[in-house]
Amino acid sequence: NISQEQTIQYAAVIGQPVKWKKTIKLEKETTNLEVELPKGAKVSSVKEIENNISIDITSDVIAPTPNLLTGLVILEESNATSLIIDLPVEEVEIEYETEAPISVEDDINSYTKQIKIISETSYENVTAYTTINEVSQSSIKLYWVQNDSRDIFNEVSYLDENENGLVDRIEW
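Residues numbered from 1 in each chain as written. Predicted model: local features only at pLDDT ≥ 70, side-chain atom pairs only at ≥ 80, totals over all residues. Heavy atoms only, no water.

Visitor: I keep staring at the environment of A100 and nothing clicks. Help me out?
Guide: By secondary structure assignment, the location of A100 is in the loop between strand 9 (89–98) and strand 10 (102–109). For the pair A100 and I14, spaced 86 residues apart in sequence, the C-alpha to C-alpha distance is 6.4 Å. With near-sequence residues (within four places) excluded, A100 lies in contact with G15, Q16 and P17. (Helix = DSSP H or I, 4+ residues; strand = E, 2+ residues; numbered from the N terminus. Contact = heavy atoms within 4.5 Å.)

Spelled out as structure tokens, the structure:
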């Protein structure tokens with residue numbers, strides 16, 4: 001039985017895979033631990049935590065030979081990947097990556113864009129950006145359109161990449 005589970009999402013940026021860390025503490029040592037990860041997750045490391053010491057068990061769990069798995073089974077299901085650790089563990093830390101969020105831009109006209117941030121995995125705090133026609137900062141307004149409502153979005157970085165005094169890229 002799981003006594004404690006924590007999942008941390010690291011920085012999410014448009015066009016870059018997102019790194020995660022999942023820590024699971026069990027009430028007692030067990031083998032055949034099944035851990036659910038997002039669909040398509042790529043496991044980069046598996047560590048056993050013993051007396052606050054991290055022991056890398058990735059090579060014991062994931063064999064270096066392609067398509068040969070020892071101690072690990074990954075089952076692709078409809079919206080999740082199940083990771084099964086077939087070693088005696090009481091606490092594990094799994095680091096993995098999920099697909100990059102992407103942006104789809106639609107130029108409405110020369111001064112208006114609609115940008116959609118899309119991914120199969122649910123992310124928080126995605127850093128998004130777009131290039132724009134060079135204008136003064138006061139001419140730029142960014143709106144968050146959600147459920148037919150349009151709210152001004154103020155947490156914007158205005159960048160002048162060619163240093164001519166006009167904004168040509170925004171990040172939010």
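Visitor: Can you walk me through the pattern of salt bridges in this structure?
Guide: Pairs can form between side chains of opposite charge whenever their charged atoms are close. If you walk through the whole model with that rule in mind, you get five salt bridges. Residue E161 is joined to R169 by a salt bridge in which the shortest nitrogen-to-oxygen separation is 3.7 Å. The exposed category is assigned to E161, whose relative accessible area is 53%. For R169, a relative accessible area of 16% corresponds to the buried category. Each of the salt bridges in this network shares a partner with another, and the network as a whole consists of E161, R169 and E171. (Salt bridge = Lys/Arg side-chain N within 4 Å of Asp/Glu carboxyl O. Buried < 20%, exposed > 50% of the residue type's maximum accessible area, 1.4 Å probe, protein only.)

Visitor: Just to check I follow, could you spell out the sheet that holds strand 17 (residues 167–171) for this structure?
Guide: Strand-to-strand pairing in sheets goes through backbone hydrogen bonds, with the strands running parallel or antiparallel. What the three strands build is an open sheet, ordered 13-17-16; its pairing is antiparallel. Edge positions in the open sheet fall to strand 13 (129–135) and strand 16 (157–159), since each of these has one partner strand only. Each neighbouring strand pair of the sheet contributes to a mean axis angle of 30°, computed without reference to strand direction. Bridge count for strand 16 against strand 17 is three bridges, and the pairing is antiparallel. Within strand 17, the residue paired with L159 across the bridge is R169. (Pairing = 2+ DSSP bridges. Axes fitted to C-alpha atoms, helices over the stretch in contact; angles between N-to-C directions.)

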